[in-house]
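Fold and geometry: a report
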Amino acid sequence: MFLSMNWIKDFVDLSGLDELDLINRFSLSTAEVENDIQFKGSDLSGIVVAEIKSVENHPESKKLHLLKVDIGADILVDVVCGAPNVRVGMKTAFAKVGARIGGIEIAPRPLAGQMSYGMCCSEKEIGISDDHSGIMEITDDVENGTDLKEIYAIDDIIFEVDNKSLTNRPDLWSHYGIAREFAAIAERPLKALDFADLSAYDGLPKVDMKIEDPLCYRYSCLQFENISRNVSPVNMRIRLFYCGMRAINFLADMTNYLMLEMGQPMHAFDSRKVENIRIKRFDHDFTFQTLDGVERRIDPETLMICNGDIPVAIAGIIGGLDSEIVEDTHTLTLESATFDAASIRKSTVRLSHRTDSSMRYEKSLDPELTAAAIARFVYLLKQYDGGVEVVSSLTDDYAYHYPTVRLSFDKAYVYKYTGIEIDNDTIVSTLQRLGFEVSCRNDEFEVLVPSWRATKDVTIKADIIEEITRIYGYDNFEIHTANAPLFPTRPEPVKKDEDNVKDILVKHFNLHELHSYVWNYADELKELGIANEGVIKLMNASNPNIETIRRTMIPTQLCQVRSNLGYAPSFGIFEVGRVVTGMTDDDLCIEEKHLGVTLYQKGGQLREQYFEMKAIIETLVDELKHKTVSFEKLEPEFDFEHPVNLNAVIVDGSVIGKIGMIHPSVMKKLDKRATVVFAEIDMDRFAAIGNDSIQYEEPSKFPGIEIDLSFLTAVFAPILEAIKKAACELIKKIDVIDIYEDGENSSIAVRLTFGDNTRTLTREEVTAVTDKIVADLEDKGIKLKK
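1. Notes on the overall build of the protein
Secondary structure summary: the protein contains 21 helices and 36 strands in total. For the protein, whose C-alpha radius of gyration is 39 Å, the value lies well above the compact-globule estimate of 28 Å for 786 residues. Its C-alpha atoms put the protein at 130 × 80 × 60 Å along the principal axes. The burial tally for the protein puts 49% of its 786 residues in the buried class. Counting contacts in the protein only where the partners sit at least 6 residues apart, residues at least 24 apart contribute 69% of the total. Put simply, the protein shows about 39300 Å² of open surface, and 48% of that area lies on carbon and sulfur atoms. Of the charged side chains in the protein, 87 are positive and 130 negative; the average position of the first set lies 4 Å away from that of the second.

Given below as structure tokens:
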């Protein structure tokens with residue numbers, strides 16, 4: 001938001017103070033000021049009021065004219081001008097020889113064979129508007145030769161405040177609100193605004209107006225007639241332009257001017273087109289043409305201003321084309337209202353259209369402003385258009401009142417939060433300069449929060465401390481170590497496991513931790529041939545590429561792998577992130593925290609990569625839970641999962657995740673010469689696993705026996721089942737030592753380690769166990785390889 005120091009100085013006397021220093025102090029205490037401060041008019045000099053005395057056509061050009069202009073003291077100057085609006089008797093802005101405009105010095109020069117001693121200027125060339133349709137026309141009664149800066153406020157300092165820093169301060173979306181801050185910082189009094197006395201019109205008829213929806217908090221309106229002025233005063237147009245708005249017409253400019261001055265958006269309707277004002281929503285969708293000529297879709301959640309049952313404006317956002325102010329408008333109905341902030345914000349998102357008005361309504365405006373803004377409007381209107389008549393009394397429906405906020409605290413509370421001694425007089429004067437009503441008795445303070453700060457900003461005692469300290473000056477605080485008790489906190493099991501998992505993955509397996517957002521990237525998934533699956537979608541998402549909340553971590557990681565293919569021939573990534581897997585009966589999201597791990601290798605062996613991932617999962621469970629992991633075949637749930645090589649990760653009989661390979665169709669689009677495996681673990685289920693204590697066993701003094709068995713099968717699970725079925729306590733260890741893949745001749749070799757802590761085993765008792773295992777497997781069709 002752009003702010004004018006000239007405008008601010010209308011309300012607070014800053015004479016004798018360094019304005020740039022005040023802007024810097026405002027940035028430190030109130031809201032962030034952008035670095036680019038503009039010094040308007042500083043590059044302009046030698047521009048005077050001149051009167052055109054004669055106009056002749058240029059003998060060699062159809063567009064140019066030869067003018068004689070009076071630049072004061074009856075001095076006539078010859079000028080060549082190509083503006084279409086030149087005429088005898090017109091007064092305009094004239095750059096004399098030697099004048100400077102934007103770093104350019106005006107000098108005599110020939111134009112189409114004729115000498116020109118100066119330049120007639122447009123408002124755009126002077127830098128006070130974007131109007132370049134013709135030279136500036138000066139209608140004010142001023143003498144020729146008068147410097148333009150003496151009659152118009154061209155010199156000004158414009159600074160920009162970051163809108164994000166004003167989110168919780170609706171009162172700062174106006175010059176008067178900013179002036180209040182400058183007055184508090186500079187310790188200067190704030191001047192009161194001049195208002196018209198609206199009670200003088202109480203005997204006039206009221207406007208036919210009714211609020212029919214609770215989303216409208218207050219609606220005030222007033223009607224006028226005999227409006228004759230169409231063009232705004234120059235200084236008004238200059239201020240609007242400097243603050244980023246263009247001049248439209250007098251009435252539209254007046255509403256914009258009041259919005260920038262007081263922060264209250266207003267709308268002027270042509271009274272001929274608006275007779276019965278109703279504020280309501282409709283129970284059906286329809287299209288509505290707004291002031292910008294766009295047909296917009298209106299849904300039942302959007303609040304409308306209506307003429308009876310006919311919509312004429314979208315409440316708080318933009319007016320309708322059919323009821324706009326036009327050149328022949330001489331009667332108007334002025335609207336000043338407040339609406340539910342969330343409703344306005346949601347409507348702007350649905351309509352994909354945000355305006356200066358809606359930005360202010362979204363911040364929870366003070367309803368007390370509506371009638372005050374109309375009174376200010378009437379005051380200014382009569383200043384600029386003396387023949388205007390008010391033809392109605394103020395019609396005001398105040399449907400919702402924000403609760404009054406009163407806060408109590410003592411001086412000890414201030415010291416507790418600030419750590420510095422601030423005397424009572426400073427506390428009281430600071431709050432009073434900001435508009436708070438304060439009473440103090442024996443170090444006890446009672447504060448009444450002003451209405452413009454009570455809509456959502458100041459609600460608790462800590463907010464008062466912030467008000468005191470920011471005006472006192474954070475840079476005035478003495479730096480010292482605070483004395484406060486520190487108590488250790490025990491981390492939640494999920495957080496503790498999450499940190500330990502990250503440490504193991506980084507330190508033991510050299511994986512890279514990444515961070516991503518919670519949504520699917522639709523465009524990237526489409527390029528990989530992965531469906532954009534999700535339980536919920538964002539309504540009216542600003543970017544349709546990120547409207548779906550993910551159900552699984554792996555598609556996100558595949559997108560990350562794709563964007564890092566040139567990083568290295570092989571790498572591994574992981575992330576602990578959020579997914580939404582479903583909805584509760586109450587229509588709330590089932591949000592889970594998952595660990596996603598993906599390994600990428602160019603030209604590697606898929607089997608070795610798969611077993612590397614298996615080892616990672618087993619290490620995590622063994623290191624953190626001291627348990628063993630089992631795997632069972634799992635049917636694919638998503639289209640990126642391999643239809644065969646997908647297994648559930650099971651601990652203590654509970655499924656905590658999955659491990660698998662990527663579907664071949666996805667791999668072709670990702671990198672057909674590479675291999676990728678993945679694992680996804682539910683961290684909440686992982687944290688719920690009981691942590692077994694470590695069992696210590698004394699090494700045997702007697703030698704053990706190792707038996708190697710090779711079976712003709714490609715599946716290890718039946719072998720492990722047969723070994724467990726043998727139920728032999730002498731088996732101390734089971735290892736897979738070799739896997740051979742060759743269709744029907746595939747085989748798996750296992751090594752069984754036998755031992756006993758009390759004696760030396762005999763070959764016969766070990767053979768009896770292995771024979772039992774072999775016989776059990778032969779019954780299942782799995783034979784011992786000879």
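2. Section: the packing of aromatic side chains
Considering all chains together, one arrives at 22 aromatic pairs under this definition. Aromatic pair Tyr217 and Tyr400: ring centres 4.6 Å apart, planes at 40°, arrangement tilted. In this pair, Tyr217 is assigned in strand β13 (residues 216-225) and Tyr400 in the loop between β23 (395-398) and β24 (406-410), connecting sequence segments 183 residues apart. Residue classification places Tyr217 among the buried positions, given a relative accessible area of 11%.

3. Some remarks on the sheet that holds strand β34 (residues 705-711)
The sheet built from three strands is open, its strands ordered β34-β36-β35 with antiparallel pairing. At either margin of the open sheet sits one strand with a lone partner, and together these are β34 and β35 (731-740). Going from strand to strand, the sheet's axes swing by 20° on average, the running direction of each strand aside. Inspection of the sheet shows β34 paired to strand β36 (residues 747-754) by seven bridges, in the antiparallel sense. Paired with Ile707 across the bridge in β36 is Leu752.

4. Some words on helix α8 (residues 341-351)
Turning to α8, its buried residues are Ala341, Ser343, Ile344, Ser347, Thr348 and Leu351. Taken end-on, α8 shows its buried residues confined to a sector of 165°, consistent with a single buried face. On the buried face of α8, the contacting elements are β17 (295-298), β19 (310-314), β21 (332-339) and α9 (356-361). At the N-terminal boundary of α8, the capping side chain belongs to Asp340, with an oxygen 3.3 Å from the backbone nitrogen of Ala342.

5. Focus on the pattern of salt bridges
On inspection of all chains with the given rule, the structure shows 49 salt bridges. Between Asp10 and Arg239 there is a salt bridge, with its nearest N and O atoms 2.7 Å apart. Separated by 229 residues along the polypeptide, Asp10 in the loop between α1 (5-8) and α2 (19-29) and Arg239 in helix α6 (residues 234-242) bring together distant segments of the chain. When its relative accessible area of 37% is taken as the criterion, Asp10 is described as partly exposed.

6. Section: the sheet that holds strand β30 (residues 630-633)
Taken in spatial order, the seven strands of this open sheet run β27-β28-β29-β33-β32-β31-β30, and their pairing is mixed. On the outer flanks of this sheet lie β27 (512-513) and β30, each paired with one strand and no other. Both β30 and strand β31 (residues 641-651) contribute to a ladder of four bridges, which runs antiparallel. Looking at β31, one finds that Lys633 is bridged to Asn647. Across the sheet, helix α17 (residues 606-625) touches β29 (589-602), β30, β31, β32 (654-662) and β33 (674-682), and the angle it forms with β33 is around 20°.

7. A look at the pairing of β29
Here strand β28 (residues 570-583) pairs with β29 via 13 bridges, running antiparallel. If you follow Gly577 over to β29, its bridge partner there is His594. Note that β29 and β33 share nine bridges and pair antiparallel. Within β33, the residue paired with Val597 across the bridge is Ala679.

8. Considering unusual backbone geometry
Phi angles above zero are rare outside glycine, and Ser364 is one such case at about 70°. In this structure, Ser364 sits in the loop between α9 and α10 (369-384). The buried category is assigned to Ser364, whose relative accessible area is 10%. In this structure, Asp443 is a non-glycine residue whose phi angle is positive, near 65°.

9. Focus on a nonpolar patch on the surface
Taken together, the side chains of Val97, Met115 and Tyr117 make up a nonpolar region of the molecular surface, amounting to roughly 250 Å² of accessible area. With respect to the element layout, Tyr117 can be found in the loop between β9 (114-116) and β10 (119-121). Tyr117 gets classed as partly exposed once you look at its relative accessible area, which sits at 37%.

10. What to know about the packing of helix α7 (residues 250-262) against α10
Where α7 contacts α10, the two axes come as close as 10 Å, and the packing angle between them is 130°. Considering the angle they form, α7 stands oblique to α10. Here the hand of the crossing between α7 and α10 comes out right-handed. Along its contact with α7, which presents Phe250, Leu251, Met254, Thr255, Tyr257, Leu258, Glu261 and Met262, the element α10 presents Leu369, Ala372, Ala373, Arg376, Phe377, Leu380, Leu381 and Tyr384. Classifying every residue of the contact of α7 with α10 by side-chain character gives 13 nonpolar, one polar and two charged.

11. Examining the confidence of the model for the protein
Detailed conclusions should not be drawn from predicted coordinates in areas where pLDDT is low. With 100% of its residues at a pLDDT of 70 or more, the protein has an overall mean of 92. Per-element confidence in the protein is highest for α1, whose mean pLDDT is 97, and lowest for β35, whose mean pLDDT is 87.

12. Examining the pairing of β13
Extensive coverage of β13 is indicated by the burial of nine of its 10 residues. Bridge analysis of β13 against β21 gives eight bridges, and the strand direction is antiparallel. Pairing of Arg218 across the sheet is with Thr338, part of β21. Of the strand pairs in this sheet, β13 and β23 are connected by four bridges, and their pairing is antiparallel.

How each quantity is defined
- As a convention, each chain's residues are numbered from 1 in the sequence order in which they are written.
- Residue-level local features of this predicted model are given only where pLDDT is at least 70; pairs of side-chain atoms are given and counted only at 80 or more, and the full residue set underlies all totals for whole chains, interfaces and linings.
- Excluded from the side-chain calculations are hydrogens and water; all other atoms, namely the structure's heavy atoms, are used.
- Numbering goes from the N terminus for both helices and strands, where a helix is a DSSP run of H or I of at least four residues and a strand is a run of E of at least two.
- In this setup the radius of gyration rests on C-alpha atoms only. A globule is expected at 2.2 Å times the number of residues raised to 0.38.
- Whether a residue is buried, partly exposed or exposed follows from its accessible area with a 1.4 Å probe, protein chains only, as a fraction of its type maximum: under 20%, in between, or over 50%, in that order.
- Note on contacts: a residue pair qualifies if any of its non-hydrogen atoms lie within 4.5 Å across the two residues.
- For every accessible area listed, the method is Shrake-Rupley and the probe measures 1.4 Å; residues are considered covered only by the protein chains on display.
- Lys and Arg are tallied as positive, Asp and Glu as negative. Neither His nor the chain termini are counted.
- Positions of charges follow a simple convention, taking NZ of Lys, CZ of Arg, CG of Asp or CD of Glu.
- Think of it this way: a Phe, Tyr or Trp ring, Trp meaning its six-membered ring, pairs with another when their centres are within 6.5 Å, and the plane angle makes it stacked under 30 degrees, edge-to-face over 60, tilted otherwise.
- At least two bridges found by DSSP between two strands is the condition for calling them paired.
- Axis geometry follows a simple rule: fit a line to the C-alpha atoms, using only the stretch in contact for helices, then measure angles between N-to-C directions, giving values from 0 to 180 degrees.
- Picture the helix axis, draw a direction to every C-beta atom, and the arc is the one those directions span.
- Counted as a polar contact is a pair of N or O atoms within 3.5 Å, where, for protein atoms, one must be capable of donating a hydrogen and the other of accepting one, and residues adjacent in sequence contribute only when both atoms are in side chains.
- A carboxyl oxygen of Asp or Glu within 4 Å of a side-chain nitrogen of Lys or Arg is what we treat as a salt bridge.
- A patch consists of residues whose relative accessible area exceeds 30% and which take part in no salt bridge; residues with like charges are grouped when within 9 Å of each other, and nonpolar side chains (Val, Leu, Ile, Met, Phe, Trp, Tyr) when within 5 Å.
- Geometric relationships in this document are graded by angle, where less than 35 degrees denotes roughly parallel, more than 145 denotes roughly antiparallel, 65 to 115 denotes roughly perpendicular, and other angles denote oblique.
- Crossings are assigned a handedness: left-handed for a near helix turned anticlockwise from the far helix by less than a right angle, right-handed for a clockwise turn.
- The residue classification treats Ala, Val, Leu, Ile, Met, Phe, Trp, Tyr, Cys and Pro as nonpolar and Asp, Glu, Lys and Arg as charged. All others, Gly included, are polar.
- Along the chain, pLDDT gives the predictor's confidence residue by residue, from 0 to 100.

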